[in-house]
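Take a look at the letters that make up each chain.
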Amino acid sequence: MGKTLMELQSTKGDILPPHKFGTHDVVVLKPNKADLGSPALGQGVVYRLKDSSITVAFDDVPEEGLNNPLRLEKLANEVTYRRMKDTLIQLSKGVLKGPASDLVPVLFGERPPTMSKKDVNFTPFNRNLDHSQKDAISKALSSKNVILLHGPPGTGKTTAVVEIILQEAKRGSKILACAASNIAVDNIVERLVPHRVKLVRLGHPARMLPQVLDSALDAQVLRGDNSALANDIRKEMKTLNGKLLKAKDRNAKRDIRRELKALSKEERKRQQLAVTDVLKNADVVLTTLTGALSKKLDGMSYDLVIIDEAAQALEIACWIALLKGSRCILAGDHLQLPPTIQSVEAEKKGLGKTLFERLADLYGDEITSMLTVQYRMHELIMNWSSGELYDNKIEAHSSVASHMLYHLEDVKKTPSTESTLLLIDIAGCDMEEKKDEEDSTLNEGEAEVAIAHAKRLVESGVRASDIGLITPYAAQVVFLKKLKSNEDKLKEMEISTVDGFQGREKEAIIISMVRSNSKKEVGFLSDRRRMNVAVTRARRQCCLVCDTETVSGDKFLKRLIEYFEEHGEYLSASEYGN
């Protein structure tokens, strides 16, 4: 949509060091030697990330200064911060009127949640819903204020969210559907489009998946009548501007200017009307949480606000959307990773506790519906997390319960592909952890073992793009990427932190746990939510590479190791010698 892409590489020409840039971040480009407060060459949005480059979308390409070394700076998203702060101030004053005035006391525990007396029966749009999805949808449709849709890994949470939106739209509800990340919003848009529901996606086109651009507000506005009128007015203004340049007489000039001013006002009004038309006609408006405070939605209210990935969103970000509706449905899983809080002090004071988790603690089963059939993992991978975190309530759908790596096309049955769970133990192999300059931990020996297993999988016919190599530590990610860059056949294999891989899946997952020390220190590995996310990314094989002596110092991790030893294959890292 009229933006210019620029790809930036490291001046050293190799893998980028650990960084916090993500797609959609707002960034500025400066000369490398510039002072902190110096003006930028240009401002843009991160469009694509690779191991060795970052691509940025610019509205206006910088004219000069591109021949010298440059640096990229991430802008603290001022808009997001201000929107959250404004919402906090509004909440602290008390919400006595507006669409959410009856919802607020329920979400703060001052008034009990209510359901309609009779169960709601519905005819599903999606014929493949399982019993737990149908129950959850029925409960959501009969709730008068709030429902938590608890979706453990692989249970089809977004499928249920999409069905709820379609059912509510059919009932004539106006719906605001949000999520914390752009990609999660786009997922919902993509799945709603085939159903011909009147929807509009609000937000910056550079932040959307190409396949949803047709649903974007900008695109729909351009197709509207008022926009066509605005276009005609602009043409008229162009003609008048031409006349203005040629006009000699002062009075004639004054008349033309007056006419231009009137036209300009009319053009702005038509533009705003074009936007309002699209938004008013839509049954479903979709945006990120902070996007819900866009000026374009001022004064709009909705019958239902639905938030996907709610357990990954800051509570205050949820309120931006919630204040626009009288009922809400939050979908998420508070037993996976919460949003990252940079400030230790803010974390201590409760910024890290999400609204989803707070309501789960406050009302429990009364407002919670858990999905219990999962469509991702072999049951051996699932059973550990089901027993450890979900009271053994999760079942594997028959289509995945016993699927193996060697059932994939072109994959041979070999010692590397025939087990579902694999534990590669580096204990006693002289592979100690160490720290990098940023104080993040890495373990070079363990990294080599993890890469060696990935190579064995590829040699057995597994596609590199079906393998994910994940680790809790940023320094280990960088070291693994360095090793990968020497291996042509692993080019398509993704390497990421565990936190960066939430919401994703691969046929085979290799987890490098890194910690190996005589004090048995495990750091943040002991957060069961992080290990839950790590293990449940895997569909057909989960391989754990770790020092069992070190990690068994932690009770929770010790049970994980014992589970893998009992149900999987145990190997010593020495068997992966070069």
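Residues numbered from 1 in each chain as written. Predicted model: local features only at pLDDT ≥ 70, side-chain atom pairs only at ≥ 80, totals over all residues. Heavy atoms only, no water.

Structural notes on the environment of Asn-128
We apply this condition: A run of DSSP states H or I qualifies as a helix once it reaches four residues; a run of E qualifies as a strand once it reaches two. Both are numbered from the N-terminal end.
Inspection of the secondary structure assignment puts Asn-128 in the loop between helix H2 (103-107) and helix H3 (131-142). A sequence separation of 434 residues divides Asn-128 from Glu-562, and the C-alpha atoms of the two residues are 36 Å apart.

A look at the packing of helix H15 (residues 528-535) against helix H17 (residues 555-567)
Helix-helix packing is described using two parameters, namely the angle between the two axes and the distance between the axes. The test is simple: Helix axes are fitted to C-alpha atoms over the stretch in contact, other axes to C-alpha atoms as well, and angles between N-to-C directions run from 0 to 180 degrees. Each angle is binned into one of four classes, with values under 35 degrees roughly parallel, values over 145 roughly antiparallel, values of 65 to 115 roughly perpendicular, and all other values oblique. Less than a right angle of anticlockwise turn of the near helix away from the far helix marks a crossing as left-handed, whereas a clockwise turn marks it as right-handed. Contacts are residue-level and defined by heavy atoms, with any inter-residue pair within 4.5 Å sufficient. Note on residue categories: nonpolar means Ala, Val, Leu, Ile, Met, Phe, Trp, Tyr, Cys or Pro, charged means Asp, Glu, Lys or Arg, and polar means any other residue, Gly included.
Two numbers describe how H15 lies on H17: the axes approach to 10 Å, and their chain directions differ by 25°. By the criterion of interaxial angle, the relationship of H15 to H17 is roughly parallel. Handedness of the H15/H17 crossing: right-handed. Contacts from Arg-528, Met-531 and Val-535 in H15 reach Phe-556, Leu-557 and Leu-560 in H17. In the contact of H15 with H17, the residues fall into five nonpolar, no polar and one charged.

Brief notes about the UniProt feature "domain: AAA+ ATPase" (unreviewed entry) in the chain
Where we set the bar: UniProt positions are given in the numbering used here, feature names are shortened, and annotations may be inferred rather than shown by experiment.
The residues that UniProt annotates with the feature "domain: AAA+ ATPase" (unreviewed entry) are residues 143-395. Along residues 143-395 one finds 47% helix and 13% strand; the C-alpha atoms at either end are 26 Å apart.

Description of unusual backbone geometry
Note the threshold: Between buried and exposed lies partly exposed: a residue is buried under 20% and exposed over 50% of the maximum accessible area for its type, with that area taken using a 1.4 Å probe on protein chains only.
Notably, Arg-196 is not glycine yet its phi reads approximately 60°, a positive angle. Note on placement: Arg-196 falls in the loop between helix H5 (182-192) and strand S8 (199-201). One non-glycine residue with positive phi stands out, namely Asn-392, at about 55°. By the secondary structure assignment, Asn-392 is in the loop between helix H12 (379-389) and strand S14 (395-396). The exposure class of Asn-392 is exposed, given its relative accessible area of 59%.

Structural notes on the UniProt feature "domain: Helicase ATP-binding" (unreviewed entry) in the chain
Residues annotated in UniProt with the feature "domain: Helicase ATP-binding" (unreviewed entry) correspond here to residues 125-376. Helix makes up 48% of residues 125-376 and strand 13%, and the two end C-alpha atoms of the span are 22 Å apart.

Points about the packing of aromatic side chains
Quick reminder of the rule: What counts as a ring pair is set by centres within 6.5 Å for rings of Phe, Tyr and Trp (its six-membered ring), and what kind of pair is set by the plane angle: stacked under 30 degrees, edge-to-face over 60, tilted for all other angles. Only lysine NZ and arginine CZ atoms are considered, and such an atom sits over a ring when it is within 6 Å of the ring centre and within 35 degrees of the ring normal.
Inspection of every chain in the model, using the stated rule, returns three aromatic pairs. Aromatic pair Trp-384 and Phe-556: ring centres 6.0 Å apart, planes at 45°, arrangement tilted. Pair noted here: Trp-384 is in helix H12 and Phe-556 is in helix H17, with a separation of 172 residues, a long-range link. When its relative accessible area of 9% is taken as the criterion, Phe-556 is described as buried. On the numbers, 5.1 Å between centres and 40° between planes, the contact of Tyr-473 with Phe-524 is tilted. In this pair, Tyr-473 is assigned in the loop between strand S18 (467-471) and helix H14 (474-484) and Phe-524 in the loop between strand S20 (506-512) and H15, connecting sequence segments 51 residues apart. Given a relative accessible area of 36%, Phe-524 falls into the partly exposed group. Sitting above the plane of the Tyr-576 ring, Arg-456 keeps its charged end 3.9 Å from the centroid. Above the ring of Phe-524, the side-chain terminus of Arg-530 is found at 4.0 Å from the ring centroid.

Details of the packing of H3 against helix H4 (residues 157-170)
The contact between H3 and H4 brings their axes to 10 Å, and the two run at 40°. It follows that H3 is oblique to H4 by the angle criterion. The element H3 and its partner H4 pack so that their crossing is right-handed. When H3 is examined against H4, the residues Gln-133, Ile-137, Ala-140 and Leu-141 are found in contact with a partner set consisting of Thr-159, Ala-160, Glu-163, Ile-164, Gln-167 and Glu-168. Looking at side-chain class alone, the contact of H3 with H4 contains five nonpolar, three polar and two charged residues.

A word on the domain arrangement of the chain
The condition that has to hold: An automatic or database domain assignment is the source of the domain bounds shown.
What the domain assignment reports for the chain is domain 1 (4-75), domain 2 (97-198 + 283-374), domain 3 (223-280) and domain 4 (399-576). Averaged C-alpha coordinates put domain 1 and domain 3 at centres separated by 37 Å.

A look at the side chain of Thr-548
Note on placement: Thr-548 falls in helix H16 (residues 548-551). A relative accessible area of 10% places Thr-548 in the buried class.

Regarding helix H1 (residues 78-92)
So the rule is basically this: Residue count minus one, scaled by 1.5 Å, sets the expected span of a helix. What the arc describes is the spread of directions from the helix axis to the C-beta atoms.
Relative to the 21 Å expected for 15 residues at 1.5 Å per residue, H1 spans 21 Å between its end C-alpha atoms, a close match to the ideal helical length. Along H1, the positions that sit buried rather than exposed are Met-84, Thr-87 and Leu-91. Here the buried residues of H1 occupy an arc of 65° about the axis, which is enough to place them on one side. On its buried face, H1 is in contact with H2 and helix H9 (315-322).

With respect to the nonpolar core
Applicable threshold: For the purposes of this section, nonpolar cores are sets of buried Ala, Val, Leu, Ile, Met, Phe, Trp, Tyr and Cys residues that join through side-chain atoms within 4.5 Å.
If you look at the biggest cluster of nonpolar residues, it comprises 50 residues, and the most contacted ones within it are Leu-176, Leu-279, Leu-322 and Leu-359. In terms of residue count, the dominant contributor to this core is H9 (seven residues). Domain assignment of the residues forming this core places at least three in each of domain 2 (97-198 + 283-374) and domain 3 (223-280). Leave out the neighbours within four places in its chain, and Leu-176 touches Val-285, Thr-287, Ala-292, Leu-297, Tyr-302, Leu-304, Val-305, Ile-306, Ala-321 and Lys-324. Ranked by size, the runner-up nonpolar core spans 39 residues in total, among them Met-377, Val-498, Met-513 and Leu-544.

Overview of the layout of surface pockets
Let me state the cut-off plainly: For cavity detection a 1 Å grid was placed over the protein atoms alone, and a set of points counts as a cavity when a 1.4 Å probe fits there but cannot get out; an open set counts as a pocket when protein lies on both sides within 12 Å along at least five of seven lines, with lining residues being those that have an atom within 4 Å of a point. Grid points are joined across faces, edges and corners, and a volume is the space filled by probe spheres set on the points.
Taken as a whole, the second largest pocket spans an internal volume of roughly 900 Å³. Every element with two or more residues in the lining of the second largest pocket is listed here: strand S1 (4-9), strand S5 (70-74), strand S16 (434-435) and H14. The residue makeup of the lining of the second largest pocket, split by class, is 15 nonpolar, six polar and nine charged. When residues of the lining of the second largest pocket are assigned to domains, at least three map to each of domain 1 (4-75) and domain 4 (399-576).

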